[in-house]
Amino acid sequence: MSETFPAGGGASYAAAGVDIEAGDRAVVLMKEWVKKTQRPEVLGGLGGFAGLFDASALKRFERPLLASATDGVGTKVDIARRMGVYDTIGHDLVAMVMDDIVVCGAEPLFMTDYICVGKVHPERVAAIVKGIAEGCVLAGCALVGGETAEHPGLLGEDDFDVAGAGTGVVEADLLLGPDRIRSGDAVIAMAASGLHSNGYSLVRHVLLNQAGLDLESRIEEFGRTLGEELLEPTKIYSLDCLALLRTTEVHAFSHVTGGGLAANLARVVPDGLHAVVDRSTWTPGPVFDLVGRTGSVERLELEKTLNMGVGMIAIVPQESTEVALATLGDRGVDAWVAGEITERGDRPTGAALVSDYAT
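About the criteria used
- Residues numbered from 1 in each chain as written.
- Predicted model: local features only at pLDDT ≥ 70, side-chain atom pairs only at ≥ 80, totals over all residues.
- Heavy atoms only, no water.
- UniProt positions renumbered as here; feature names shortened; annotations may be inferred.
- Pairing = 2+ DSSP bridges.
- Helix = DSSP H or I, 4+ residues; strand = E, 2+ residues; numbered from the N terminus.
- Axes fitted to C-alpha atoms, helices over the stretch in contact; angles between N-to-C directions.
- Core = buried A, V, L, I, M, F, W, Y, C linked by side-chain atoms within 4.5 Å.
- Buried < 20%, exposed > 50% of the residue type's maximum accessible area, 1.4 Å probe, protein only.
- Contact = heavy atoms within 4.5 Å.
- 1 Å grid on protein atoms, 1.4 Å probe; cavity = no way out; pocket = protein on both sides within 12 Å on 5 of 7 lines; lining within 4 Å.
- Points joined across faces, edges and corners; volume = space filled by probe spheres on them.
- Nonpolar A, V, L, I, M, F, W, Y, C, P; charged D, E, K, R; others polar.
- Domains from an automatic or database assignment.
- Salt bridge = Lys/Arg side-chain N within 4 Å of Asp/Glu carboxyl O.
- Phe/Tyr/Trp six-rings, centres within 6.5 Å; stacked < 30°, edge-to-face > 60°.
- Expected span 1.5 Å × (residues − 1).
- Disulfide = S-S within 2.5 Å.
- Lys, Arg positive; Asp, Glu negative; His and termini not counted.
- Polar contact = N/O pair within 3.5 Å; in protein donor to acceptor, adjacent residues only side chain to side chain.

The protein chain carries the name Phosphoribosylformylglycinamidine cyclo-ligase in an unreviewed UniProt entry, which gives Streptomyces sp. SID14436 as its organism. If you open the UniProt record of the protein chain and go to Pathway (unreviewed entry), you find "Purine metabolism; IMP biosynthesis via de novo pathway; 5-amino-1-(5-phospho-D-ribosyl)imidazole from N(2)-formyl-N(1)-(5-phospho-D-ribosyl)glycinamide: step 2/2." As stated in UniProt under Subcellular location (unreviewed entry), the record for the protein chain gives "Cytoplasm".

Dropping the structure here:
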């Protein structure tokens, strides 16, 4: 049986809106940035069907546990699109993934990304990957591969989204978590660089939709435009947390993301104990006040949605406090003792882990 195909004028992938040549050009443009993230364990180059990581490097562990995480950056991508700035959003992606991995004490190893666009603009995709690669360098991990998908008809030509997945490793005996926390431990807060990558649906609703503020408007409290403030990249704490583990005893970390400080602390505080955090130990940046004031958002709602100026928590023994603060200070991380772990009274069976504020 033979088939005859039309010589021309028929349907094609390009006619459907997918530009394979543009995708190939994007890969060429991003290669130089991906190369900067390489670790000795990475085999092969960009363009294969799978990224390769030499697992024999894990022989130095007695019982290696692999830690994995996946995440995106939420509706912050809308701010990047509106501003036409694409080379910072990758920092946010790496932070969301790798700072989750380091919470259990794991060393970040490698990451892959997924970029979905309405139309491939090679330079734009390369700028996104540049940001991801720079973030990987800051996190100490390799970018071993990724995927760029073009979805014409589903996304507008300028629309895009990003997601990523990462892997780390930790020695089983050094795994951090609630079982290590003791009453009397200090709660050390590490300052956020800004809003990070959570709560942007609320932020956009209040500042852009309700108040109608212009992203190009200069805000005196910020010393820059609103758009520049909202695009401030998420602080990547991975190497700072690993430095703490090398210099002093740490019982747990908590990455402050969606749900705010209280909800994320609650994920690591064990049943029977209580994390008391004193609000007076820090002042949230002006962007948090702007959101609350402009939208008449109640303080509790802000705290449930935004990080309120704290991006990472370390819970350490009291005797480790001085060393921990010195280590973070030497690395340029603004950190302070924000509270402590205390005994908790009787609680209803099955009650959620609690991490309250104290004024």
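Draft legend 1. Expanded view of the sheet that holds strand β5 (residues 142–150). Strand order in the open sheet made by the four strands is β3-β6-β4-β5, with mixed pairing throughout. The strands lining the two open edges of the sheet, one partner per strand, are β3 (64–72) and β5. Taking each pair of neighbouring strands and ignoring which way they run, the sheet shows an average axis angle of 15 degrees.

Draft legend 2. Inspection of the nonpolar core at higher detail. Core analysis: the largest hydrophobic core is formed by 54 residues, its most contacted members being Phe160, Leu226 and Leu230. Looking at this core element by element, the count peaks at seven residues for helix α3 (residues 89–101). In this structure, Leu230 is in contact with Lys76, Ile79, Leu195, Tyr200, Val203, Leu207, Leu215 and Val287, ignoring residues within four places of it in sequence. Ranked by size, the runner-up nonpolar core spans 20 residues in total, among them Leu265, Leu273, Ile315 and Trp336.

Draft legend 3. Representation of the layout of surface pockets in the model. Counted as a void, the second largest pocket has a volume near 380 Å³. Taken together, 18 residues line the second largest pocket, and the ones lying closest to its centre are Gly105, Val170, Leu174, Leu245 and Arg246. Every element with two or more residues in the lining of the second largest pocket is listed here: β6 (160–171) and α7 (238–247). For the lining of the second largest pocket, the per-class residue count stands at nine nonpolar, three polar and six charged. Two domains each put at least three residues into the lining of the second largest pocket: domain 1 (18–49 + 62–174) and domain 2 (178–354).

Draft legend 4. Quick look at the pattern of salt bridges. Taken as a whole and assessed by the stated rule, the structure comprises 19 salt bridges. Across the pair Arg279 and Glu303 runs a salt bridge, and its minimum N-O distance is 2.9 Å. Separated by 24 residues along the polypeptide, Arg279 in the loop between β11 (273–278) and α9 (286–295) and Glu303 in helix α10 (residues 299–305) bring together distant segments of the chain. Overall, Arg279 belongs to the partly exposed group, its relative accessible area being 26%. Residue Arg299 is joined to Glu303 by a salt bridge in which the shortest nitrogen-to-oxygen separation is 2.8 Å. Here Arg299 and its partner Glu303 are both found in helix α10, four residues apart, which amounts to about one turn of the helix. Accessibility expressed as a relative area gives 40% for Arg299, which makes it partly exposed. Under the relative-accessibility criterion, Glu303 is labelled buried at 5%. Bridged by salt links that share partners, the residues Asp78, Arg81, Arg82, Asp159 and Arg204 form one connected network.

Draft legend 5. Representation of the packing of aromatic side chains. For the structure shown, the criterion picks out two aromatic pairs. With centroids separated by 5.7 Å and ring planes inclined at 65 degrees, the aromatic side chains of Tyr86 and Phe160 adopt a geometry described as edge-to-face. One end of the pair, Tyr86, is in the loop between α2 (76–83) and α3; the other, Phe160, is in strand β6, and 74 residues separate them in sequence. For the pair Tyr86 and Phe160, a shared accessibility class is recorded, and that class is buried. Considering the side-chain rings of Trp282 and Trp336, the 6.0 Å spacing of their centres and the 40 degrees angle between planes classify their relative orientation as tilted. A residue pair is termed long-range when its members are at least 10 positions apart, and Trp282 in the loop between β11 and α9 and Trp336 in strand β13 (residues 335–343) qualify at 54 residues. Considered together, Trp282 and Trp336 belong to a single accessibility category, that of buried residues.

Draft legend 6. Here's a closer look at helix α4 (residues 122–139). Look at α4: 26 Å from first C-alpha to last across 18 residues, which is about the 26 Å you get at 1.5 Å a residue. In terms of burial, α4 is a largely internal element, 13 of the 18 residues being buried.

Draft legend 7. Layout of the state of the cysteines. Evaluated as defined, the whole model comprises zero disulfides. We note that Cys136 lacks a disulfide partner, and the nearest cysteine sulfur, in Cys141, lies 3.7 Å from it. For Cys136, a relative accessible area of 0% translates into the label buried.

Draft legend 8. Looking closely at the side chain of Glu150. Topologically, Glu150 is positioned in strand β5. Within the buried set, Glu150 has no salt-bridge partner at all; the shortest N-O distance to an opposite charge, 5.0 Å, is to Lys119. A distance of 3.0 Å separates a polar side-chain atom of Glu150 from the backbone nitrogen of Val120.

Draft legend 9. Region of the structure containing the environment of Val316. Relative to the helices and strands, Val316 is located in strand β12 (residues 310–316). Along the sequence, Val316 and Asp185 sit 131 residues apart, while their C-alpha atoms lie 5.5 Å from each other. If sequence neighbours within four positions are ignored, Val316 has contacts with Asp185, Ala186, Ile188, Glu249, Val250, His251 and Thr321.

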